[in-house]
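So you can see what is in the structure, the chains are spelled out below.
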Amino acid sequence: MSALGVCAALAWLAAAVAYAAFPRRRLPGDILMTLGVLCGAILIGLLWIELARPPLRTLGETRWWYAVLTPAIGLVVGWRFRTQALGIPACLLGALFALINLLHPEYMDKTLMPALQSPWFVPHVVVYMLSYSALGLSSGIGLWLLARSVWSGAPLTASDTRLPHALVAVGFPLLTCGLLFGALWAKQAWGHYWAWDPKETWALLTWCAYLIYLHVRIRHAFRPALHLSVLGFGFVVLLVCWFGVNYLPTSAESVHTYTRQ
Amino acid sequence: MSAASPREKLAESAGFWAGELGYRQATLVLVTSALLGGFLQATAGARAVGVWLMWPAGVAIVACALGARLCAKSRLVAWLGGVEMAVTSIAAVALIALVGAVVPQSQIEKRLGASLWSSWLFLLPMSWLSACLATVTSKRIWPLNWRNFCFTLSHLGLLIAILGGAWSSLGLQRLRIMAVQSQDTSSAEQMDGGRVRLPFSVRLRSFELKTFPPTLAIATMDKTASEGYRLQPLAGFVKAGTQVTSDAESIKVLKFFPQAANVGGVWHPVAMKSAAPAAYVEVLSKKGELNRGWVSCGSSVTPGDLVALGNTRALVMTPPRPRSFQSLITLKEGGRLREARVEVNEPISVGAYRLYQLSYDEQAGADSAYSILEIVKDRGLPVVYTGVFLMLGGALLMIWNGVVPPEKAVAASAAGVQERAL
């Protein structure tokens, strides 16, 4: 299976090179990126069969989903908006997460605790991963636009933010769905839809950060640097919610953190 | 230069509110609310904040909603339902929630005398957020049209979910009951330690625990680890014929008994729920040394076994993890008897109560003499669910709007900007 992971990572790296080398031709990059997505999807499928459970329990397993979904979203949104601006960041993010998993392989066992054996498990985590992928891409592009503007001294325009905003317009409602699916699942499993568990609170904080972004963008449509900065900040909160919460003093109180093995 | 007189200060303050209302005014209101909340929490302590706050806050939120319709052009309504107030109140709630996300609850409760989430400190800024939501929803809900629909679903849904959650928390009962086989139990424990008599009783008929097969691991002594050793799990469940490898050994399972007892150093299969799983293994080190022995994780009635691999390492078996657990119970309600099964993710209803499988005696495992059930009575749930499903509708519509052809989205956005400008 690690051979498939290597193939996916190499395909995405090659796609990034192709996008950079042929800025006016999307096809070579798209073909390589699709190849990587297919390799990654087969890897996840095989993992699912081997573990006899959805491979969504540990941090390492969710990283594989992120690695595959980010280039997949890059392909779909790039095709929808007829742009290849997403190609390089999507491929690099996918390759980065694949390489982390390949260099630090996690022990994956077949056990699945009873609370996770729910019809909500797969939609809740997959919707979150889709949302994280879209929001990660939007922040990546936003930060790149900000850096480019600072470097070149050319001010950003409102139209520069169209693509990152389009990704948030899809990522934020998915984030909302993930949050609400989690609440409905918690009611079924634990008796209450919201218990202020640290992971839940960080999920709410992530949602609030992107909610602030959406409002700031409406009010300050012609201050792109401001809302792109808020977008970058939102992704930092998202990363704490996904990985960082395991290292906080409150992590011992949480029953929802991803296991590390 | 002389200090400003009280009259001048008043005029200055009036000027602050007379000009355009924006972020500065919103920040002042929210910071004052948070400070007032902190002061009230320090003085009123852990009293039932919700009951005190519920009615005035409810009246204020309804007033905001009515005001938004009756005085739609008022600058106060425009400010309360505006983006500045929304951003500031979301940020205020988020900043306070950040404290709860970073500092352990026990420390917060020690300082506040109550949970952060039911303290004035959190609830006052939350009331401003609700007032802001009520104003903007009331302003935009009518005339309802397609362009407003996503906005209305999301905002109205969030408002209903917040208000429904606050209202339901006032009457929410979350109880725990320890069901045992020997007697009917109708006394349940509240979260604060008090007890409540239920209108029905529960008796445990049997408790069933199914586990995954155990796994093997290499334990290495490590004084820096909290338990004095580190565990390196080896992939795969234990069964006869399993072959696994560690960094320094190749291990083959020659025999495996899911339920076994140790008789004179040799494990034999037995038919007892409290027996322990045991495996007879062959360990071949990379240096060519062959070692055979029994490994077992033990159980509540029998100690385990391990195969030593030198002075600081050993092959051990990790305890089987639960696959599922359920309680078969008899419910007695008003003289009527009913048998039921409660399992994780499969609660049952008894009148207005819902019963959830929570835990059991983990030391005893399948022999647990009791089962702990969580009992919840939440009359506000339909209201909260109404809000949740409206929000889900809003989210789905937002995805749809997000994937419409970009040209249409730009046109709609431009129309929105123009409308706001007017």
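Thresholds applied
- Residues numbered from 1 in each chain as written.
- Chains lettered and ligands numbered in written order.
- Predicted model: local features only at pLDDT ≥ 70, side-chain atom pairs only at ≥ 80, totals over all residues.
- Heavy atoms only, no water.
- Helix = DSSP H or I, 4+ residues; strand = E, 2+ residues; numbered from the N terminus.
- Rg over C-alpha atoms; globule rule 2.2 N^0.38 Å.
- Buried < 20%, exposed > 50% of the residue type's maximum accessible area, 1.4 Å probe, protein only.
- Contact = heavy atoms within 4.5 Å.
- Areas by Shrake-Rupley, 256 points an atom, 1.4 Å probe, with all protein chains shown as cover.
- Lys, Arg positive; Asp, Glu negative; His and termini not counted.
- Charge placed at Lys NZ, Arg CZ, Asp CG, Glu CD.
- Pairing = 2+ DSSP bridges.
- Axes fitted to C-alpha atoms, helices over the stretch in contact; angles between N-to-C directions.
- Parallel < 35°, antiparallel > 145°, perpendicular 65-115°, else oblique.
- Left-handed = near helix turned anticlockwise from the far one by under 90°.
- Nonpolar A, V, L, I, M, F, W, Y, C, P; charged D, E, K, R; others polar.
- Domains from an automatic or database assignment.
- Buried area = accessible area lost by both parts, 1.4 Å probe.
- Salt bridge = Lys/Arg side-chain N within 4 Å of Asp/Glu carboxyl O.
- Polar contact = N/O pair within 3.5 Å; in protein donor to acceptor, adjacent residues only side chain to side chain.

Draft legend 1. Layout of the overall build of chain A. The helix and strand tally for chain A stands at eight helices and zero strands. Against the globule reference of 18 Å for 261 residues, chain A gives a C-alpha radius of gyration of 19 Å, in line with a compact fold. Overall size of chain A, expressed as C-alpha extent along the three principal axes, is 55 × 45 × 30 Å. By residue count, 62% of the 261 residues in chain A fall in the buried class. Intrachain contacts of chain A at a sequence separation of at least 6 include 79% that bridge at least 24 residues. As presented, chain A carries roughly 10500 Å² of accessible surface, and 72% of it is formed by carbon and sulfur atoms. When the 17 positive and 9 negative side-chain charges of chain A are each reduced to one mean point, those points stand 14 Å apart.

Draft legend 2. Main features of the sheet that holds strand β17 (residues 370-377) of chain B. Residues and elements named next belong to chain B. Strand order in the open sheet formed by eight strands is β14-β13-β3-β2-β1-β17-β16-β15, with antiparallel pairing between adjacent strands. Two strands in the sheet have a free side with no partner beyond their single neighbour: β14 (336-343) and β15 (348-350). Looking at each pair of strands side by side, their axes are set apart by 40° on average, direction ignored. The pairing of strand β1 (residues 173-180) with β17 spans eight bridges and is antiparallel. Residue arginine 176 lies in a different strand from β17, and its bridge partner there is glutamate 374.

Draft legend 3. Spotlight on the environment of B:Phe16. You can see B:Phe16 is positioned in helix α1 (residues 6-18). Beyond its immediate stretch of four places on either side in the chain, B:Phe16 contacts B:Arg24, B:Gln25 and B:Leu28.

Draft legend 4. Structural view of the packing of helix α5 (residues 121-152) of chain A against helix α6 (residues 162-190) of chain A. Residue and element names in this part refer to chain A. Relative to each other, α5 and α6 sit at 150°, their axes nearing to 8 Å. Taken together, the axes of α5 and α6 are roughly antiparallel relative to one another. In the packing of α5 onto α6, the handedness of the crossing is left-handed. When its residues are assigned to classes, the contact of α5 with α6 shows 22 nonpolar, six polar and no charged.

Draft legend 5. Region of interest: the domain arrangement of chain B. All names here are of chain B. With domains assigned, chain B is organised as domain 1 (18-172 + 381-416), domain 2 (173-210 + 323-377) and domain 3 (213-320). Computed from C-alpha coordinates alone, the two centres of domain 2 and domain 3 are separated by 36 Å. Every contact between the two is made by six residues of domain 2 and, on the other side, four residues of domain 3. Both sides together, the interface formed by domain 2 and domain 3 hides about 330 Å², and carbon and sulfur atoms give 43% of it. Between domain 2 and domain 3 we count zero salt bridges in total. Where domain 2 packs against domain 3, one counts zero residue pairs in polar contact (both at pLDDT 80 or more).

Draft legend 6. Spotlight on the domain arrangement of chain A. Residue and element names in this part refer to chain A. The domains assigned to chain A are domain 1 (1-107) and domain 2 (120-254). Its C-alpha centre places domain 1 at a distance of 21 Å from the equivalent point of domain 2. Domain 1 puts 22 residues into the contact, and the matching count from domain 2 is 20 residues. Of the roughly 1800 Å² buried between domain 1 and domain 2, counting both surfaces, carbon and sulfur atoms make up 87%. Across the contact surface, domain 1 and domain 2 share zero salt bridges. There are three residue pairs in polar contact (both at pLDDT 80 or more) connecting domain 1 and domain 2. Contributing elements (two or more residues each) for the side of domain 1 that touches domain 2: α3 (59-80) and α4 (87-103). Here the residues of the side of domain 1 that touches domain 2 are counted per class, giving 16 nonpolar, four polar and two charged.

Draft legend 7. Representation of the packing of α3(A) against α5(A) in the model. Residues and elements named next belong to chain A. Closest axis-to-axis distance for the α3/α5 pair is 8 Å, and the angle between their directions is 55°. As summarised for this structure, α3 and α5 are arranged oblique, according to the angle between their axes. In the packing of α3 onto α5, the handedness of the crossing is right-handed. Across the interface between the two elements, Thr62, Trp65, Tyr66, Leu69, Thr70, Ile73 and Gly74 of α3 pack against Val125, Val126, Met129, Leu130, Tyr132, Ser133, Ala134, Gly136 and Leu137 of α5. A class-by-class count of the residues in the contact of α3 with α5 yields 11 nonpolar, five polar and no charged.

Draft legend 8. Summary view of the interface of chain A and chain B. Chain A puts 52 residues into the contact, and the matching count from chain B is 64 residues. For the pairing of chain A and chain B, the buried interface totals around 5000 Å² over both sides, and the portion due to carbon and sulfur atoms is 70%. Counting the surface chain A buries against chain B, the share from its top three residues, A:Tyr107, A:Tyr193 and A:Trp196, is 12%. Remark: the boundary between chain A and chain B carries two salt bridges. Taking the shortest distance from any N to any O, the salt bridge between B:Arg321 and A:Asp109 comes out at 3.1 Å. The interface formed by chain A and chain B includes 14 residue pairs in polar contact (both at pLDDT 80 or more).

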